[in-house]
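Structure at a glance
Here is how the chains run, residue by residue.
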Amino acid sequence: MLLDQSYNGELLLDVQSIKVEATGYNTVTDSHPHTVTRPHELAYNDRSLVSETVQADGMSLALTNLSWSEAANVEDSDMPAAWTATATYSKTTYTTCEVADGYRATAIYKGEVGKSSAGNVVYTVTYNSSKIPVLTGLDPDITVSQLALAAGLAILLLLALVFRYVHWHIARVYVYNEERRIHDVVSRQYVRVRMPKIQLSAL
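This text gives an overview of the structure that appears in the document. (Residues numbered from 1 in each chain as written. Predicted model: local features only at pLDDT ≥ 70, side-chain atom pairs only at ≥ 80, totals over all residues. Heavy atoms only, no water.)

**With respect to the side chain of T84**
Note on placement: T84 falls in strand β4 (residues 80-115). T84 gets classed as buried once you look at its relative accessible area, which sits at 13%. At 3.1 Å, the side chain of T84 forms a polar contact with the side chain of E41. In contact with T84, not counting residues within four places along its chain, are H40, E41, S67, W68, S69 and A71. (Helix = DSSP H or I, 4+ residues; strand = E, 2+ residues; numbered from the N terminus. Buried < 20%, exposed > 50% of the residue type's maximum accessible area, 1.4 Å probe, protein only. Polar contact = N/O pair within 3.5 Å; in protein donor to acceptor, adjacent residues only side chain to side chain. Contact = heavy atoms within 4.5 Å.)

What follows is the structure, encoded as structure tokens:
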């Protein structure tokens, strides 16, 4: 099967898919002539001696033609001694039937084809979901879920800072000289408020 020039491939006929349907019907009358010829040997050329009908082909046929010929003459005379009548019997019958005035054939071709030439394709997108809610006065691109996520992170950070402040504080370790004067800060450590401990190994 030939394809459009923009497609490449081959399609094969599915023989089982072929369907032929009549596009319409017309009524047609057919004539059927029936004719037989019968010879009759008669003493006289008298039409009344010839049968007007005969039975043939299961029907009665009427006499439609009659011809005469001399069968023999009287000895030493021109007078015919007998006659041959050739009778033709005929009858015409008619039948009607529905005849299709045309046919339409349909078939399915199967195969793989591909389009090689570039073209424009128009896509239509239909949105069926509901609109994402936004807060009044904010950027429409910022959604409620984004705000809820940011607020949750801020709350977690605040709780972490509070926990650290409640359980810890910074302790300063000083070195004193002989006059008990402060010499210098040698270490700063986080210690618990309720159970303060200084790590001497860090000095």
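**Considering the environment of W83**
For W83, the position within the fold is in strand β4. The exposure class assigned to W83 is buried, which follows from its relative accessible area of 16%. Between the C-alpha atom of W83 and that of L42, which follows or precedes it by 41 residues, the distance is 5.1 Å. Excluding its chain neighbours within four sequence positions, the residues that come into contact with W83 are H40, E41, L42, A43, Y44, N45, W68, S69, E70 and A71.

**Here we look at the nonpolar core**
In terms of nonpolar packing, the biggest core is built from 12 residues, these being V36, L42, V50, V54, A56, M59, L61, L63, L66, A85, A87 and Y89. Elements represented by at least two residues in this core include exactly β1 (7-42), β2 (53-56), β3 (59-73) and β4. For this core, the element with the most residues is β3, which contributes 4 residues. When neighbours within four sequence positions are excluded, A56 is seen to be in contact with V36 and L61. (Core = buried A, V, L, I, M, F, W, Y, C linked by side-chain atoms within 4.5 Å.)

**Points about the pattern of salt bridges**
Side chains carrying opposite charge are able to pair once their charged atoms draw close together. Scanning the entire structure with this criterion turns up 3 salt bridges. When the shortest N-O distance is used, the salt bridge between D14 and K110 registers 3.5 Å. Taken together, the residues span a long stretch of sequence, with D14 in strand β1 and K110 in strand β4 at a distance of 96 residues. Residue classification places D14 among the partly exposed positions, given a relative accessible area of 22%. Accessibility expressed as a relative area gives 53% for K110, which makes it exposed. Among the ionic pairs, E52 bridges to R47, the shortest N-O distance being 3.8 Å. Classification of E52 by relative accessible area gives partly exposed; the value is 42%. Residue R47 is classed as partly exposed on the basis of its relative accessible area of 43%. (Salt bridge = Lys/Arg side-chain N within 4 Å of Asp/Glu carboxyl O.)

**Observations concerning a nonpolar patch on the surface**
Together, L13, V15, I18, V20, Y103 and Y109 make up an exposed nonpolar region whose accessible area comes to about 620 Å². Those elements giving two or more residues to the nonpolar patch turn out to be β1 and β4. Sorting elements by how many residues they give to the nonpolar patch places β1 first, with 4 residues. With respect to the helices and strands, the residue V20 is situated in strand β1. (Patch = residues over 30% accessible without salt bridge, like charges linked within 9 Å, V, L, I, M, F, W, Y side chains within 5 Å. Areas by Shrake-Rupley, 256 points an atom, 1.4 Å probe, with all protein chains shown as cover.)

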